[in-house]
Amino acid sequence: MNNFEFKNPTKIIFGKGKIVNLTKEIPVNAKVLLLYGGGSIKENGVYVQVKNALSSFDVVEFGGIPANPEYAILMDALKVIKTQNITFLLAVGGGSVIDGTKFLSAAAEFEGETPWDLLTSGNPSLKGMPFGSVLTLPATGSEMNSGYVLTRKETKEKLASGGPALYPRFSILDPQVVSSIPQKQIANGLADAFTHVMEQYMTFPVQGLLQDRFAESILQTLIEVAPAILKDPSDYDAASNFMWSCTMALNGLIGQGVPGDWAIHMMGHELTAQFGIDHARTLAIITPSHYRYNLESKKEKLAQYAERVWGVNGGTIEDKAKAGIDQTEAFFHSLGIKTRLSEYTTEFTGTAELISKRFTDRGWLGMGENRKLTPTDVAKIVEMSY
Ligand code: NZQ
Ligand code: ZN
């Protein structure tokens, strides 16, 4: 096992009817900016619960943060923070709203000219305005981690950043919010969380026995609850397990002391930036090709995964590893998610070269758990996913 230091300061408040706890979690004299997305919270009762809980606070609102949170829109929110002397941010939404809020938390304390530099500098954010979240969509784990991803339409870029100052102070997870989520977004949440686990698990063995079993248990739980939550999003037991699995998939715990890959996400972000494909679906497009291309370096873990998660028995390590990849692709299909780029766009020609060039230009010359995946490899993987 590799050395590690682990600290996750986010307080999780989990359960039915817990949104009311906002009253106790936000500092009494705070001037709050309530941030939300396209309006789903106004239709499913979440907005009313939040407003009631905040009735004794001075609250300003900023709605309209789109899926794949957009830099230009967030810059408008930053103006509100500055002109209205906001002291606390409250994100009410899915990963996009929470990520946008993290960016604002960092941008509010940023001393340079252009806050976009937060995403290109590679420096972790060490200062941030305090913020909390009410999660409405299990998927990203953003509610309990310190990372965020921002999109800039103008330049067709989607970049990640973060830092120790960007953990939410608290996140409220009421599984009842799942009942209004459209099937497509539930499928996305399942696929995203599944891939988060895979990025931290599907590497090479380092005798992280507990980490492996944490990872496998989250994968198994997601597989187990998927049919129930897709069938009935108001199934509270299924929603609870879905929600907690998504949080645990990316709150840092399972990745401690083991190598991480994350190349699938890096390639996937480019597909969202180019074509606007939902984040989770880009992962489903890249994952099978990535594992097939890197079979040799990942085969031991792939075979272990096939055995322990999918019950694959018999055959060589390669046979089992390949069966594990096939099962993963079949799992995405069972969620109604297509796994080829050409099933999302007819304009895929040249995508592999474009992504490969972008990685070269950014100096991303060695990716994956071995830091050996070159832009040329990336081009081959993306092309395999057409
Ligand atoms: O905008 P509203 O109207 O709220 O509607 C949203 C949005 O259209 C809707 N929705 C959310 N909760 C709902 C609901 N509809 C009905 N009922 C509810 N309870 O769902 C749509 C998608 O929301 P979004 O927040 O975009 O989805 P998700 O949580 O999947 O977030 C995706 C973003 O997170 C980033 C992705 O790249 C993407 O930009 N990621 C963030 C990560 C992190 N911070 O750690 C890691 C991930 O790998 C990912 O990259
Ligand atoms: Zn993801």
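To keep things clear, this report deals only with the structure shown in the data block. Counting restarts for each chain: residues are numbered from 1 in the order of the written sequence. As a convention, the first chain written is A and the first ligand written is 1, with the rest following in written order. It should be noted that, the model being predicted, local features are given only for residues of pLDDT at least 70 and side-chain atom pairs only at 80 or more, the latter also being counted only at that level, while totals for whole chains, interfaces and linings use all residues. The basis for every side-chain value is the complete set of non-hydrogen atoms in the structure, without hydrogens or water.

1. Quick word on the nonpolar core
We call a set of buried Ala, Val, Leu, Ile, Met, Phe, Trp, Tyr and Cys residues a nonpolar core when their side-chain atoms join them within 4.5 Å. For each residue, the accessible area found with a 1.4 Å probe, counting protein chains only, is set against the maximum for its type, and the residue is called buried under 20%, exposed over 50%, and partly exposed in between. Membership of the largest hydrophobic core comes to 115 residues, with the highest contact counts inside it found for Leu22, Ile26, Val50, Leu90 and Phe103. Here the element with the most residues in this core is helix H7 (residues 183-201); it accounts for nine residues. Other than its neighbours up to four places away in sequence, Phe103 contacts Tyr71, Leu74, Met75, Pro115, Leu118, Leu119, Tyr148 and Leu150. A helix here means a DSSP run of H or I that spans at least four residues, while a strand means a run of E at least two residues long, and both kinds are numbered starting from the N terminus. By definition in these notes, contact holds between two residues if any of their heavy atoms fall within 4.5 Å.

2. A look at unusual backbone geometry
Positioned with a positive phi, Asn68 is a non-glycine residue whose angle comes to about 60 degrees. With respect to the helices and strands, the residue Asn68 is situated in the loop between strand E3 (58-62) and helix H4 (71-83). Of note in the backbone geometry, Arg371 takes a positive phi value of approximately 55 degrees without being a glycine. Note on placement: Arg371 falls in the loop between helix H14 (351-362) and helix H15 (375-384).

3. Brief notes about the pairing of strand E8 (residues 170-173)
On E8, burial covers both faces: Phe170 and Ile172 on one face and Ser171 and Leu173 on the other are all buried. Paired strands are those between which DSSP finds at least two bridges. Bridging between strand E1 (residues 11-14) and E8 involves four bridges; their strand directions are parallel. Along E8, the bridge assignment pairs Lys11 with Phe170. The pairing of strand E5 (residues 131-135) with E8 spans two bridges and is parallel. Residue pairing for E8: Val134 is matched across the bridge by Ile172.

4. Section: the packing of aromatic side chains
Here is the rule: rings of Phe, Tyr and Trp (six-membered ring for Trp) pair when centre to centre is within 6.5 Å. Planes less than 30 degrees apart are stacked, more than 60 are edge-to-face, and the remainder are tilted. Tallying each qualifying case throughout the model produces 13 aromatic pairs. Pairing Tyr71 with Trp116 gives two aromatic rings, centres 5.0 Å apart and planes at 65 degrees, and the pair type is edge-to-face. Placement of the pair is Tyr71 in helix H4 and Trp116 in the loop between helix H5 (95-108) and helix H6 (117-120), with a sequence separation of 45 residues. This pair shows no difference in class: Tyr71 is buried, exactly as Trp116 is. On the basis of an interplanar angle of 40 degrees and a centroid distance of 6.4 Å, the ring pair of Phe331 and Phe332 is categorised as tilted. Phe332 matches Phe331 in its accessibility class, with the two residues each being buried. Members of the aromatic cluster, each reached through a chain of ring pairs, are Tyr71, Phe103, Trp116 and Tyr148. The rule is short: NZ of Lys or CZ of Arg within 6 Å of the ring centre and within 35 degrees of the ring normal puts a charge over the ring. It is Lys16 that lies over the ring of Tyr236; its NZ or CZ is 4.3 Å from the centre.

5. A short note on the packing of H7 against helix H10 (residues 263-275)
Axis definition: a line fitted to C-alpha atoms, over the contacting stretch in the case of helices. Angles run 0 to 180 degrees between N-to-C directions. Closest axis-to-axis distance for the H7/H10 pair is 9 Å, and the angle between their directions is 135 degrees. If you check the angle between H7 and H10, you find them oblique. Contacts between H7 and H10 pair Asp192, Thr195, His196 and Glu199 from the former with Ala263, Ile264 and His265 from the latter. Polar here means any residue other than Ala, Val, Leu, Ile, Met, Phe, Trp, Tyr, Cys and Pro, which are nonpolar, and Asp, Glu, Lys and Arg, which are charged; Gly is therefore polar. Of the residues in the contact of H7 with H10, the class split is two nonpolar, three polar and two charged. For classification purposes, angles smaller than 35 degrees are called roughly parallel, those larger than 145 roughly antiparallel, those between 65 and 115 roughly perpendicular, and all remaining angles oblique.

6. A look at the site of ligand 1
For each residue, the test is whether any non-hydrogen atom lies within 4 Å of the molecule or strand; if one does, the residue is near. As a matter of local geometry, ligand 1 sits amid 33 residues, with Gly38, Gly95, Ser96, Asp99 and Lys158 nearest to it. Pairing of N or O atoms within 3.5 Å defines a polar contact, subject to two protein rules: one partner must be a possible hydrogen donor and the other a possible acceptor, and residues neighboring in sequence count only if both atoms are side-chain atoms. A distance of 2.7 Å separates an oxygen atom of ligand 1 from a polar atom in the side chain of Ser40. Separating an oxygen atom of ligand 1 from a side-chain N or O atom of His269 is a distance of 3.3 Å. Burial of ligand 1 by the protein amounts to 88% of the accessible area it has alone, namely 960 Å². Listed by contribution, the elements that provide at least two residues to the shell around ligand 1 are H5, strand E6 (147-152), H7 and H10. Reported accessibility uses the Shrake-Rupley method at a 1.4 Å probe radius. Residues are deemed covered only where the shown protein chains occlude them.

7. Here we look at H4
In a helix, the anticipated span is given by 1.5 Å times the number of residues less one. If you check H4, its first and last C-alpha atoms are 18 Å apart, about what 13 residues at 1.5 Å a residue would give, namely 18 Å. Buried within H4 we find Tyr71, Leu74, Ala77, Leu78, Val80 and Ile81. Along the axis of H4, the buried residues cluster in a sector spanning 155 degrees; they form a single face. Opposite the buried face of H4, by more than 90 degrees, sit the exposed residues Lys79 and Thr83. Buried residues along H4 sit in contact with strand E2 (31-36), E3, strand E4 (88-93), H5 and E6. The backbone nitrogen of Ala72 has a side-chain oxygen 3.2 Å away, supplied by the residue at the start of H4, namely Glu70. Along the arc lie the directions from the helix axis toward the C-beta atoms.

8. Structural notes on the pattern of salt bridges
A pairing counts as a salt bridge when a side-chain nitrogen of Lys or Arg comes within 4 Å of a carboxyl oxygen of Asp or Glu. Per the stated rule, a full pass over the model turns up 19 salt bridges. Measuring nitrogen to oxygen at the nearest pair gives 2.8 Å for the salt bridge that ties Lys299 to Glu296. Taken as a pair, Lys299 and Glu296 lie in helix H12 (residues 295-310) at a separation of three residues, close to a single helical turn. Its relative accessible area of 17% is what places Lys299 among the buried residues. With relative accessibility at 57%, the residue Glu296 sits in the exposed group. With a closest N to O distance of 2.7 Å, Asp361 and Lys357 form a salt bridge. Taken as a pair, Asp361 and Lys357 lie in helix H14 at a separation of four residues, close to a single helical turn. With respect to class, Asp361 is no different from Lys357; both count as exposed. A single network of salt bridges, built from pairs that share partners, joins Lys184, Asp278 and Arg281.

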